[in-house]
Amino acid sequence: MSQQGSLFDRIGVKRVVNGVGPATRLGGLSLHPEVQRAMTEATDSPVRMDDLEQRAGAHLAALLGVEAAYVTSGAAAALSLGTAAALVNGEIYRSDLLPSRIGTRKKVVVLAAQRDPYDRAIEAVGGEIVTVGYPSSTHLGEVKTALDDDVAAVLYRPGRPGNHPSLEEIAGLANARHIPVIVDGALFAPPLSQLHEWFDSGASLVAMSGGKQFRGPQASGILCGKSTLIQLVSLMHQDMDEREQTWGRGDKGERLQTPPRHGVGRAMKVGREQIAGLLVAVERYLADPGAEEAAGIAELDQLRDMLQLRKVPHTWHETSVLGVPILDIEVHAGSDYVDEVLYALTQREIPIYLEESEAWRGMLMVHPMALRPGDARLIAEALEEVLGLADSNGLQAPNMEGGVK
Ligand SMILES: *Cc1c(COP(=O)(O)O)cnc(C)c1O
């Protein structure tokens, strides 16, 4: 077998065009060289991981203007770890009972409107999801009734429309009962102003993704908020292959307590490379928020011009959910047809993936954050071919044989 070319070439995995953005299934975003350099440096420097996590957390907390912070392997892991901290309820030895033997006080209350497949992160550590209200409305009284003695935490997921109580109202009820409120901030923070607004409204913890707006390593994230909860997280995240005799020495060398065993977070470990990369990515983001989106947005702009020339109907929207523009491409309504188009795009020599959350209404979207130079041309040519072939046949599905160039 040839040893030439990149590793991905050697093992036969295809590069794709990512018009979806920071999607985990497509490997997320490319890293800035400064972020890559920090990761390379970290790899040559063995350290105590609890020491690194603690100092990285303190550095991040200062940068973000929050009480405490902890680097996780993603926002989903941050939700798991935050939930685990809430489940142990201040008694770290309860962590040995997670996820399946915790018994009481394991409910996590979520508004029906705010449910999401990422709720699996709550269940993975032993949280039992309890849904309140309806997709279009929730009464504050319903939340109040739901907050009984068996509730360990409230999960709040912003950005869902409807008649629902505010975070402030929900957190007011929860905090009066010493129930932490965990915010899934993966889509809406940064900006830091948003993060601070959640904490001002009574959030105890916020989970953020390292691989989205911060443009850090794909397998990184941040859990931030109350230091008492973050301390519990740190005890459930490292491995505990330590002797009782030497673990947990205080400053004067005296024994503090017996160690818990491996926590549920151990399966979500973070490498020092991810921690280093994330810190530099956050520093870079804060120095000039959003500046690194310029290249992808310019590529998207080129795509708009190319679609204009090819008379492919499209609409430019100045902002999308991650604060960047997005391009809507109108395909004929009828979901079978849209699905054929999407399929044909993925069957090309360089497969193309577009955002398909609105495909049910005949809309494909191109998101700029992961676009690379030259991607606009690849997408425009592919669409011309795939849509053109179909149009010449009326509303027939595109020609699959012609899909592979
Ligand atoms: C992306 C996302 C997550 C998961 O983030 P990762 O950093 O990939 O783990 C969780 N919740 C929401 C709402 C998200 O959009």
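Everything that follows concerns the structure shown earlier in this document.
Given the structure is predicted, the values throughout are model-derived calculations rather than measurements.

So what about the overall build of the chain? Which residues, and what values?
Along its length, the chain carries 13 helices and 12 strands. Relative to its length of 405 residues, the chain is compact, with a C-alpha radius of gyration of 24 Å against a globular reference of 22 Å. Along the first, second and third principal axes, the C-alpha set of the chain runs to 75 × 55 × 40 Å. Expressed as a percentage of the 405 residues in the chain, the buried residues total 48%. Of the contacts formed within the chain by residues at least 6 apart in sequence, a portion of 68% connects residues at least 24 apart. Counting only carbon and sulfur atoms, one obtains 51% of the accessible surface of the chain, whose full area is about 19500 Å². If you average the places of the 38 positive and of the 53 negative side-chain charges in the chain, the two averages end up 6 Å apart.

Please set out a nonpolar patch on the surface residue by residue, giving values where relevant.
A cluster of nonpolar side chains, contributed by Leu7, Phe8, Ile11 and Val13, occupies part of the molecular surface with about 400 Å² of accessible area. Mapped onto the fold, Ile11 is located in helix H1 (residues 7-11).

Could you give an account of the pairing of strand E2 (residues 68-72), naming the residues involved and the relevant values?
Within E2, 5 of the 5 residues are buried, leaving the element largely enclosed by the surrounding structure. With burial as the criterion, each face of E2 is covered, one bearing Ala68, Tyr70 and Thr72 and the other bearing Ala69 and Val71. Summarising the sheet, E2 and strand E8 (residues 221-225) pair through 5 bridges and their orientation is antiparallel. Within E8, the position partnered with Thr72 by the bridge is Gly221.

Now, about the sheet that holds strand E7 (residues 205-209): what can you tell me, with residues and values included?
Sheet strands pair by backbone hydrogen bonding; their relative direction is either parallel or antiparallel. Strands sit in the order E2-E8-E7-E6-E5-E3-E4 across an open sheet of 7 strands; the sheet is mixed. Pairing within the sheet leaves two strands with one partner each, and these edge strands are E2 and strand E4 (128-132). Strand-to-strand twist in this sheet, taken as the mean axis angle between neighbours without regard to direction, amounts to 25°. Judged from the 5 bridges that link them, E7 and E8 form a sheet pairing that is antiparallel. Across the sheet, residue Leu205 finds its bridge partner in E8, namely Gly225. Lying over the sheet, helix H9 (residues 227-237) contacts E2, E7 and E8, oriented at roughly 25° with respect to E2.

I'd love a proper account of the environment of Pro373, names of residues and values included.
Tracing the backbone through its elements, the reader meets Pro373 in the loop between strand E12 (363-366) and helix H13 (375-392). Along the backbone, Pro373 and Leu300 are 73 residues apart, and their C-alpha atoms lie at a distance of 10.0 Å.

Got a sec to walk through the packing of aromatic side chains? Specific residues and values, please.
Inspection of the entire model under this criterion finds 1 aromatic pair. Note on Phe214 and Tyr285: the rings are 5.3 Å apart at their centroids and 85° apart in plane angle, and the pair reads as edge-to-face. Here Phe214 is found in the loop between E7 and E8, whereas its partner Tyr285 is found in helix H10 (residues 272-287), with 71 residues between them in sequence. The ring centre of Trp316 lies 4.0 Å from the NZ or CZ of Arg304, which sits over that ring.

Please give an account of the environment of Lys107 that cites residues and values.
Locating Lys107 in the fold gives a position in strand E3 (residues 107-111). Expressed as a C-alpha distance, the spacing of Lys107 and Thr131, which sit 24 residues apart in the sequence, is 9.9 Å. Setting aside chain neighbours within four positions, we find Lys107 in contact with Glu128, Val130, Asp148, Asp150, Val151, Ala152 and Ala153.

Account for the side chain of Ser209, naming residues and giving values.
Structurally, the position occupied by Ser209 is in strand E7. Among the polar contacts made by the side chain of Ser209, one reaches the main-chain amide nitrogen of Gly211 at a distance of 3.5 Å. When residues no more than four places from it in sequence are discounted, the contact partners of Ser209 are Ala75, Ala186, Phe214, Ser220 and Gly221.

Describe the site of the ligand, naming the residues involved and giving the relevant values.
Surveying the vicinity of the ligand reveals the residues Thr24, Gly74, Ala75, Ala76, Tyr118, Asp184, Ala186, Leu187, Ser209 and Lys212. With respect to the ligand, the backbone of Ala76 contributes an N or O atom lying 2.9 Å from an oxygen atom. A distance of 2.8 Å separates a nitrogen atom of the ligand from a polar atom in the side chain of Asp184. Look at the ligand: alone it shows 390 Å² of surface, and the protein chains cover 89% of it. Among the residues making up the shell around the ligand, the classes are represented as 5 nonpolar, 3 polar and 2 charged.

Each value, and the rule that gives it
- Per chain, the residues get numbers from 1 upward, laid out in the order the sequence is written.
- Since the coordinates come from a predicted model, pLDDT governs what is reported: local features require at least 70, and pairs of side-chain atoms require 80 or more to be given and counted, while whole-chain, interface and lining totals use all residues.
- To get the side-chain values, all heavy atoms of the structure are used, and hydrogens and water are removed first.
- Each helix is a run of H or I in the DSSP string that is no shorter than four residues. Each strand is a run of E no shorter than two, and both are numbered from the N terminus.
- C-alpha atoms define the radius of gyration in this analysis, and the globule rule sets the expected value at 2.2 Å times the number of residues to the power 0.38.
- Remark: exposure states derive from per-residue accessible area (1.4 Å probe, protein chains only) relative to the maximum for the residue type, with buried under 20%, exposed over 50%, and partly exposed in between.
- Residues are treated as being in contact if the distance between any of their heavy atoms lies within 4.5 Å.
- Throughout, the Shrake-Rupley method with a 1.4 Å probe supplies accessible areas, and for residues the shown protein chains are the sole cover considered.
- Working convention for charge: Lys and Arg count positive, Asp and Glu count negative, and His plus the chain ends are omitted.
- Think of each charge as sitting on NZ of Lys, CZ of Arg, CG of Asp or CD of Glu.
- Like charges within 9 Å and nonpolar side chains (Val, Leu, Ile, Met, Phe, Trp, Tyr) within 5 Å are joined into patches, using only residues over 30% in relative accessible area that form no salt bridge.
- Salt bridge criterion: a side-chain nitrogen from Lys or Arg within 4 Å of a carboxyl oxygen from Asp or Glu.
- Being paired, for any two strands, means DSSP has found at least two bridges between them.
- Every angle, taken between N-to-C directions, lies between 0 and 180 degrees, and every axis is a line fitted to C-alpha atoms, over only the stretch in contact when it is a helix.
- We call Phe, Tyr and Trp rings a pair once their centres come within 6.5 Å, taking the six-membered ring for Trp, and we label the pair stacked below 30 degrees between planes, edge-to-face above 60, and tilted otherwise.
- Note on criteria: charge over ring means Lys NZ or Arg CZ within 6 Å of the ring centre, with the direction from the centre no more than 35 degrees off the ring normal.
- Here a polar contact is taken to be a pair of N or O atoms separated by no more than 3.5 Å, where protein atoms must pair a possible hydrogen donor with a possible acceptor and residues adjacent in sequence count only if both atoms sit in side chains.
- By convention in these notes, a residue is near a molecule or strand provided one of its non-hydrogen atoms lies within 4 Å of it.
- Here the nonpolar group is Ala, Val, Leu, Ile, Met, Phe, Trp, Tyr, Cys and Pro; Asp, Glu, Lys and Arg are the charged ones; every other residue, Gly included, is treated as polar.

Honestly, that's just the spatial picture; any functional story needs more than this.
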